[in-house]
Amino acid sequence: MKLNELKFHEKDRPVRDFFYSQYFYLKNIWREQKGIFLFLTLLSIITSIMLPLEILLQKRLIDQLTVVQKIPNELGFVLVLLVAITFLSLFGQLSGKIQDYLFRKISLRVNYLFKAMLNKKVTSVSLENFESSFFYNQVNLAAKALEGNGIGTTYSFLQIITSVFSLFSVFAILTAIHWTLPLTVLLSTIPGVVIVFFSKLKNYKVEKNVVFKERELSYTESLFFDKSYLKEIKVYTLSDYLLEKWKKLYFYTMNKRLEVTKWELKNSAVVILFVGVINTGVSVFFVYQLVENALTIGSYVALTAAIITLQGIFAQIGAHIASIFEAAIYNNALIKLLKIEHFDDEKREEINSIETIDIKNGTFNYPYSDISVFSKLNFSIRRGEKISIVGGNGSGKTTLAHCLVGLFNLTEGTILVNGENMNDIEKSSLHKQVAVVFQTFPKYMYSLRENIGFGNVDDMENAQKIWDVIRKVGLEHKFSIHNVDLDTYLSKEMDGGIDLSGGEWQKIALGRALMKDVSLILLDEPTASLDPHSELKTLELFDSMTDDKTTITITHRIGPTKLSDKIIVMDKGKIEEIGTFDELINNKGLFYRMHQAQSKWYERKEHFHETVETT
Ligand SMILES: Nc1ncnc2c1ncn2[C@@H]1O[C@H](COP(=O)(O)OP(=O)(O)OP(=O)(O)O)[C@@H](O)[C@H]1O
């Protein structure tokens, strides 16, 4: 399924979705837990026929009791019946517990399978999926299926099937007494089931519509528990505003759900009245039959029990249908996500180094956007070159860099790596050749070892290499004075963990890049949080150690671009200039003006305003 299909094929088809999800779950249950599932099904069917059997035995018992009142030596049979009834009842109760246990076992196992499939899928699909709010809605809904609601529908479905067994047997008992009875019971129960069906259908639609607001609601809630947001919330005194926003979102979702419950209540009241009238009619009919001697007391009791049992079975079926429809939307989202296509990487060409990158007429639009972030870009990079990309905010530098390392696909044009179209190259082999420090880099709430070792998981246990990197990025002193070992967590939220400053985190991110032996290093604002001394040391480090490596550095700092072989100056998605530092300064174009704007800070105070006016 392609990304666009994921969005536009979304229609309300709960019945189809339900059957498809059942097929999907059963297929996987069969694959994973065939034996247990067969046993569970068998046990459910056996249990389902115990119920009518119990009714028949009860009838026999009462009839026998009326005989025993007159002939006491018939008591032996009464005792047999009592034991049999007790056995049936105990079996029913025990079987229920065993079934719950078996299904819990199946669902935990199959949920693990689905979670693993979903985690794998989400980490392998194109990043473009994450550009759509629809995708996040689906993730949110699928999470609910994985909490157990999803596979629970298969259990409900099984229960419905076995209830139908009980239903037929009880129907048979009623029909044997009078053919109108099953019809009467049907009339008294079907309306309730229909109401449940329609209210759940309504619920399905409501859930679908509130999911976006619900995500905003849970995001807002999460802010109240996040230290970094709480700081701003306090300083800007945002708590009243945010609490009010949270309240509005809460009430919005709550009211939408209450509307469905209200509808259900109104309609159920009518149904209850209707059922009451039918039940009274049936009771009057039974009493009449009893008076006329057309019914024995045993049959009367059995009939009354049968009616109550039938109504119970229908109520159960209704409840199962309800849970099935509630979960259909979650299952549907889960299946949709699992069906998103990811690149078939294996059929692509493997590479062992990146020697050249050529971008030809490169144009990129974010998904669902008509605006080109950059268009018709042309330039080449050779192995070992030090490239800087500069330009104003939003000029497309980061997006371009993401395309150059194969994280986004161009909308038009091509990127050639070693002369091969990047789309024909195995992505995993391409990424093996790339190290990155993103502008917004992750801060893993894991150990120091993992935070650095993620740069190259093969060296995760290589303590010497990790300490070497820590030394190179200038963090050794910090960790040694705090007695930090490699297994210390880098977050105070974890046991024994420590917190780092913004610059220290940036050094960790740089460390990750140093762990990997690659052809290309991409640095997006790599020194934005570093003090001037650390910045100089870091840039010199990357410059000296990467002679055979290509580096692409995105930066707003004009000074360090002096170290570059080539500077690409971007403006509003176009390449405004391209050349060496000296060439661009001599051009007196945009780069020169940017350079002037920054160097004004180093002018003597009396020349400051003159320089500002000329830039
Ligand atoms: N996920 C996205 N979906 C749609 N548009 C986006 C997305 N991310 C960025 N953009 C848009 O793309 C344009 C270029 O963004 P980009 O981050 O590439 O710029 P940049 O030159 O790196 O900016 P800065 O110097 O501020 O980091 C921006 O106008 C931004 O609004």
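All of these numbers come straight from a predicted model, not from anything done at the bench.

### Considerations on the pattern of salt bridges
Across all of its chains, the model carries 19 salt bridges by this definition. For arginine 383, the salt bridge goes to glutamate 355, with nearest N and O atoms at 3.0 Å. Taken together, the positions of arginine 383 in the loop between strand S2 (372-382) and strand S3 (386-391) and glutamate 355 in the loop between helix H8 (297-338) and strand S1 (356-365) put the pair 28 residues apart, joining distant regions of the chain. Look at the salt bridges and you will find they share partners, linking Lys144, Glu214 and Arg257 into a network.

### A look at the side chain of histidine 320
By the secondary structure assignment, histidine 320 is in helix H8. Histidine 320 has contacts with Ser156, Gln159 and Ile160, leaving out every residue within four places of it along the chain.

### Comments concerning the pairing of strand S4 (residues 412-417)
The pairing of S1 with S4 spans five bridges and is classified as antiparallel. Looking across to S4, one finds that lysine 360 is bridged to threonine 414. As paired elements, S4 and strand S5 (residues 420-421) share two bridges and run antiparallel to each other. Paired with leucine 416 across the two strands is asparagine 421, which belongs to S5. Connecting S4 to the next strand, S5, in antiparallel fashion are two residues, including asparagine 418 with a positive phi near 50°.

### Some thoughts on the site of the ligand
In the vicinity of the ligand, 13 residues are found, and the nearest of them are Glu131, Gly394, Lys397, Thr398 and Thr399. Within the backbone of glycine 394, one N or O atom sits 2.9 Å away from an oxygen atom of the ligand. For the ligand, the protein covers 62% of the area, taking 640 Å² as the surface of the free molecule. Sorting elements by how many residues they give to the shell around the ligand places helix H9 (residues 397-404) first, with three residues. For the shell around the ligand, the class distribution of residues is two nonpolar, nine polar and two charged.

### Focus on the UniProt feature "transmembrane region" (unreviewed entry) in the protein
In this structure's numbering, the residues bearing the UniProt feature "transmembrane region" (unreviewed entry) are residues 36-55, 75-95, 154-173, 179-198, 269-291 and 297-315. End C-alpha to end C-alpha, residues 179-198 measures 30 Å, and it is 95% helix and 0% strand. A distance of 27 Å separates the end C-alpha atoms of residues 297-315, which is 100% helix and 0% strand.

### Considerations on the packing of aromatic side chains
Taken as a whole, this structure holds 19 aromatic pairs when the rule is applied. Between tyrosine 250 and phenylalanine 251 the ring centres are 6.1 Å apart and the planes differ by 75°, which places this aromatic pair in the edge-to-face class. On the numbers, 5.6 Å between centres and 90° between planes, the contact of phenylalanine 581 with phenylalanine 591 is edge-to-face. Taken as a pair, phenylalanine 581 in helix H16 (residues 581-587) and phenylalanine 591 in helix H17 (residues 590-599) lie far apart in primary sequence, 10 residues in all. Each member of the pair phenylalanine 581 and phenylalanine 591 is classed as buried. The structure contains a cluster of three or more aromatic residues connected by ring pairs, namely Tyr20, Tyr23, Phe24, Tyr25 and Phe114. It is lysine 213 that lies over the ring of tyrosine 252; its NZ or CZ is 5.5 Å from the centre.

### A look at unusual backbone geometry
A positive phi is found at asparagine 361, a non-glycine position, where the angle reads about 50°. Positive phi, close to 60°, is recorded for lysine 588, a residue that is not glycine. Inspection of the secondary structure puts lysine 588 in the loop between H16 and H17. For lysine 588, a relative accessible area of 52% corresponds to the exposed category.

Cut-offs applied
- Residues numbered from 1 in each chain as written.
- Predicted model: local features only at pLDDT ≥ 70, side-chain atom pairs only at ≥ 80, totals over all residues.
- Heavy atoms only, no water.
- Salt bridge = Lys/Arg side-chain N within 4 Å of Asp/Glu carboxyl O.
- Helix = DSSP H or I, 4+ residues; strand = E, 2+ residues; numbered from the N terminus.
- Contact = heavy atoms within 4.5 Å.
- Pairing = 2+ DSSP bridges.
- Near = heavy atom within 4 Å.
- Polar contact = N/O pair within 3.5 Å; in protein donor to acceptor, adjacent residues only side chain to side chain.
- Areas by Shrake-Rupley, 256 points an atom, 1.4 Å probe, with all protein chains shown as cover.
- Nonpolar A, V, L, I, M, F, W, Y, C, P; charged D, E, K, R; others polar.
- UniProt positions renumbered as here; feature names shortened; annotations may be inferred.
- Phe/Tyr/Trp six-rings, centres within 6.5 Å; stacked < 30°, edge-to-face > 60°.
- Buried < 20%, exposed > 50% of the residue type's maximum accessible area, 1.4 Å probe, protein only.
- Lys NZ or Arg CZ within 6 Å of the ring centre and 35° of its normal.

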